[in-house]
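Spelled out from the first residue to the last, the chains are:
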Amino acid sequence: IELAKELHWRKDLGFLLVGRGADMVKLHAKCLEYGLSNVLFHDEIHPDQIADLFKQCCVGIVSLAPGHRTHNIPGKFIKYMQCGLPVLARVNAGNDLASIVQDEAVGQVCEGDNLNELINRTEKLLNEIEINSDDLSVRCRRLFEREYNVTATVKQIINAVRA
């Protein structure tokens with residue numbers, strides 16, 4: 001929400017938050033407090049509709065609490081990759097997701113809770129999408145196929161059991 005507040009002047013950029021629960025109520029209240037018109041809220045959607053929703057988006061957001069001390073690769077990140085949607089990720093320092101996003105060039109990542117860095121990463125990602133959208137989507141899908149599809153996952157489990 002703080003990022004949306006800082007980028008409210010950009011008429012070509014909007015934020016869609018999908019889901020339900022106590023956090024959504026808090027986020028919606030914060031948007032009302034700030035008077036934001038660049039954030040849209042939508043209730044939870046059926047899993048079959050997710051791919052169609054992503055076709056209407058240019059970036060998927062992963063926002064993990066900066067205070068986490070563990071590694072976390074959320075399912076939504078994997079779904080973004082499957083759909084060819086680059087990510088803007090805010091993660092805790094040292095999280096494995098940061099190196100994946102950077103090494104695979106599938107988006108931008110901010111480690112920690114520095115709003116200025118997040119704004120800079122957002123602008124950088126939007127510029128990259130404008131220049132190189134197709135290549136970025138291909139890299140996302142390639143990462144999914146190599147690391148996260150069912151066949152790759154089965155191979156990883158078998159290799160772990162054999163080790």
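Here we summarise the structure given alongside this text. None of these values were measured; they are calculated from a predicted model.

1. A closer look at the overall build of the chain
From N to C terminus, the chain includes seven helices and five strands. When the helices and strands of the chain are read in sequence order from the N terminus, they spell out α-β-α-β-α-β-α-β-α-β-α-α. Here the C-alpha atoms of the chain give a radius of gyration of 16 Å, agreeing with the 15 Å that 2.2 N^0.38 yields for 163 residues. Each principal axis of the C-alpha atoms in the chain carries an extent, and together these give about 55 × 35 × 35 Å. Burial statistics for the chain: of 163 residues in total, 34% are counted as buried. Sequence-distant contacts in the chain: of pairs separated by 6 or more residues, those separated by 24 or more amount to 60%. Total accessible area computed for the chain in this model is approximately 10200 Å², and 51% of it derives from carbon and sulfur atoms. Mean positive and mean negative side-chain charge positions of the chain (19 and 22 charges, respectively) differ by 3 Å.

2. Quick look at the nonpolar core
Within the largest apolar cluster, 20 residues are counted, with the highest numbers of intra-cluster contacts made by Phe77 and Met81. Contributing elements (two or more residues each) for this core: helix 4 (75-82), strand 4 (87-91), helix 5 (96-104) and helix 6 (115-148). If near-sequence neighbours (up to four positions away) are discounted, methionine 81 is found in contact with Val87, Val106, Cys140, Arg141, Leu143 and Phe144. Counting 16 residues, the second-largest nonpolar core is a separate cluster that includes Ala4, Leu7, Phe15 and Ile129.

3. Digging into the pattern of salt bridges
In the structure shown here, the tally under the stated rule is nine salt bridges. Ionic pairing is found between arginine 90 and aspartate 113, a salt bridge with its closest N-O pair at 3.0 Å. Of this pair, arginine 90 sits in strand 4 while aspartate 113 is found in the loop between strand 5 (107-111) and helix 6, placing the two residues 23 residues apart along the sequence. Here the salt bridges share partners, and the residues they tie into one network are Arg10, Asp12 and Glu123.

Rules of the game
- Residues numbered from 1 in each chain as written.
- Predicted model: local features only at pLDDT ≥ 70, side-chain atom pairs only at ≥ 80, totals over all residues.
- Heavy atoms only, no water.
- Helix = DSSP H or I, 4+ residues; strand = E, 2+ residues; numbered from the N terminus.
- Rg over C-alpha atoms; globule rule 2.2 N^0.38 Å.
- Buried < 20%, exposed > 50% of the residue type's maximum accessible area, 1.4 Å probe, protein only.
- Contact = heavy atoms within 4.5 Å.
- Areas by Shrake-Rupley, 256 points an atom, 1.4 Å probe, with all protein chains shown as cover.
- Lys, Arg positive; Asp, Glu negative; His and termini not counted.
- Charge placed at Lys NZ, Arg CZ, Asp CG, Glu CD.
- Core = buried A, V, L, I, M, F, W, Y, C linked by side-chain atoms within 4.5 Å.
- Salt bridge = Lys/Arg side-chain N within 4 Å of Asp/Glu carboxyl O.

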